[in-house]
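Topology and contacts: notes
These are the residues of each chain, in order.
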Amino acid sequence: MLAFILRRSLALIGVLWAVVTLTFFLIRLTPGGPFDRERNIPPSIEKQLLKRYKLDGTEGRAWGTRLGSNLGLSESLVITLGNAGSLGQQYFSYLGDLLRGDLRLSTKYRDRSVNEILAQTLPLSMALGGIAFVIASVVGIWLGCFAAVRRDQLGDHLAMFGSLGAISVPTFVTGPLTILAFALLLPVFPVGGWSGPWSLVLPALVLSTPYIAYIARLMRTSMLEVLGQDFIRTARAKGLPERDVVYKHALKVAILPVVSFLGPLAANLLTGSIVVESIFNLPGMGGFFVNSILNRDGFLLGGVVIVYCALLVAMNLLVDIAYTLLDKRIKLY
């Protein structure tokens, strides 16, 4: 298993490099720049801003231009090669800063580094996502088992109908309705904003609701398949209580597809929900992610993407390890 974890860790580095590279070049090759929204900015000031944020690439541009001139290329190709040299210098400089743990300054939120923004917003998003993940996992697995054991009965129909409704209604609808019910009509929870851990309960319930439905439906399908297998019939033939048959024998096998779903789900929830954080006015990471795209803040966007991809790969690794703990037939090499 140690060799497997080592290989996956090396793969994590490769995945992060590919994601960082793709994000960097996509944001750079898109028309426009991070300072285009500035009104009547003088060229000299823009040049100083580009230099401050390491976006000028002067040395690389000069190198590419000299190379094109020495090769006798046309003027247009010389300009293209100069732009490529400038972009290459920016890219390798950015990689060097990343290796030192420096995510650079945000081009939108002046005098604030990406490290600082993530340090302030990521804990809240991870707390919200962690609570939502626990609620979705526990309730969804239990509800799926409940429906599978009572197949084609009233409890099964009610559980699946409720799951269908939870999937169909988006969070930007359930969020305001939940605030109206449990914060205004019944003032149990805060309406919004951050005033302590109690402020996360209602957003976590709203965020977890559709995932409860996904997990419940997946768990029900998997459990029904396992309950029809031979080893379950053997367990019942031995006279074991139905509760032990379901939760001690069938659940270990039926939960494997759910575990595969929980890995990416955990990464998604831990990095925050844009809609839920906006509805409840929570200062999490989701809003910064959207603004980084709208404002062409490539460094902030890159930092958020790095965090998400690292969590995604790490959670998938934990899923593979969990497989071996749940099913002894599975081996990691």
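Above this note sits the structure.
Now for a description of the structure that goes with this document. Throughout this document, residue positions are counted from 1 along each chain, in the order its sequence is written. For a predicted model such as this one, the threshold for reporting local features is a pLDDT of at least 70, and the threshold for listing and counting side-chain atom pairs is 80 or more; totals across whole chains, interfaces and linings nevertheless cover every residue. As a rule here, side-chain values come from all non-hydrogen atoms in the structure, and water together with hydrogens is ignored.

Observations concerning the overall build of the chain
Comment: elements are numbered from the N terminus, with helices defined as DSSP H or I runs of at least four residues and strands as E runs of at least two. A count of helices and strands for the chain gives 14 helices and zero strands. Sequence-ordered secondary structure for the chain, helices as α and strands as β, is α-α-α-α-α-α-α-α-α-α-α-α-α-α. In terms of overall dimensions, the chain is more spread out than a globule: its C-alpha atoms have a radius of gyration of 26 Å, far above the 20 Å expected for 333 residues. On the principal axes, the C-alpha backbone points of the chain span a range of 85 × 55 × 30 Å. Among the 333 residues that make up the chain, the fraction classed as buried is 42%. Residue pairs at least 24 apart in sequence account for 74% of intrachain contacts in the chain once pairs closer than 6 positions are excluded. Per-residue accessibility takes into account occlusion by the displayed protein chains alone, with areas from the Shrake-Rupley method and a 1.4 Å probe. Per element, the accessible surface of the chain, about 18,100 Å² overall, is 67% carbon and sulfur. Looking at charge distribution, the chain has the averaged site of its 30 positive side-chain charges lying 4 Å from that of its 20 negative ones. Here the radius of gyration uses the C-alpha set of atoms, whereas the globule reference equals 2.2 Å times the residue count to the power 0.38. Categorising residues by exposure relies on relative accessible area from a 1.4 Å probe, with only protein chains included: less than 20% of the type maximum marks a residue as buried, more than 50% marks it as exposed, and the intermediate range marks it as partly exposed. Any two residues having at least one pair of non-hydrogen atoms within 4.5 Å are treated as being in contact. By the counting scheme adopted, Arg and Lys are positive, Glu and Asp are negative, and His together with the chain ends is not counted. Each charge is placed at NZ for Lys, CZ for Arg, CG for Asp and CD for Glu.

Re unusual backbone geometry
Residues other than glycine seldom take positive phi values, yet Arg-104 does so here, at roughly 75°. The topology assignment puts Arg-104 in the loop between helix H4 (75-99) and helix H5 (114-149). Residue classification places Arg-104 among the buried positions, given a relative accessible area of 5%. Unusually for a residue other than glycine, Asp-152 sits at a positive phi of about 65°. In this structure, Asp-152 sits in the loop between H5 and helix H6 (154-168).

Looking at the packing of H5 against helix H13 (residues 285-294)
The angle between two axes is taken between their N-to-C directions and runs from 0 to 180 degrees, where each axis is a line fitted to C-alpha atoms and a helix contributes only its stretch in contact. One way to put it is that H5 packs onto H13 with a least axis distance of 8 Å and a crossing angle of 130°. The pairing of H5 with H13 is recorded here as oblique in orientation. On H13, the residues touching Ile-117, Leu-118, Thr-121, Leu-122 and Ser-125 of H5 are Met-285, Gly-286 and Phe-288. Throughout, the ten residues Ala, Val, Leu, Ile, Met, Phe, Trp, Tyr, Cys and Pro are labelled nonpolar, Asp, Glu, Lys and Arg are labelled charged, and all others, Gly among them, are labelled polar. A per-class count over the contact of H5 with H13 returns five nonpolar, three polar and no charged. Angle categories are assigned with fixed cut-offs, so that under 35 degrees is roughly parallel, over 145 is roughly antiparallel, 65 to 115 is roughly perpendicular, and the rest are oblique.

Quick look at empty space enclosed by the protein
Empty space left among the atoms is revealed by rolling a probe the size of a water molecule over them. Buried and open spaces are told apart on a 1 Å grid over the protein atoms alone, a cavity being a set of points where a 1.4 Å probe fits but cannot get out and a pocket being an open set with protein on both sides within 12 Å along at least five of seven lines. Residues with an atom within 4 Å of a point are the lining residues. Grid points are joined across faces, edges and corners, and a volume is the space filled by probe spheres set on the points. In the structure shown here, the tally under the stated rule is one cavity of 30 Å³ or more. Approximately 60 Å³ is the volume found for the largest cavity. Val-20, Thr-23, Phe-24, Ile-27, Arg-28, Tyr-94, Gly-298, Phe-299 and Gly-302 together form the lining of the largest cavity. Breaking the lining of the largest cavity down by element, the ones donating at least two residues are helix H1 (2-29) and helix H14 (298-326). The biggest single contributor to the lining of the largest cavity is H1, with five residues. In terms of residue class, the lining of the largest cavity is made up of five nonpolar, three polar and one charged.

Examining the side chain of Glu-277
Mapping Glu-277 onto the fold places it in helix H12 (residues 274-279). For the buried Glu-277, no salt bridge is present, and the opposite-charge side chain at shortest range is Arg-112, 13 Å distant. In the analysis that follows, any N or O atom pair within 3.5 Å is treated as a polar contact, provided that within protein one partner can donate a hydrogen and the other can accept it, and provided that, for residues neighboring in sequence, both atoms belong to side chains. Polar contacts involving the side chain of Glu-277 include one to the main-chain amide nitrogen of Met-285, which spans 3.4 Å. Throughout this description, the term salt bridge denotes a Lys or Arg side-chain nitrogen within 4 Å of a carboxyl oxygen of Asp or Glu.

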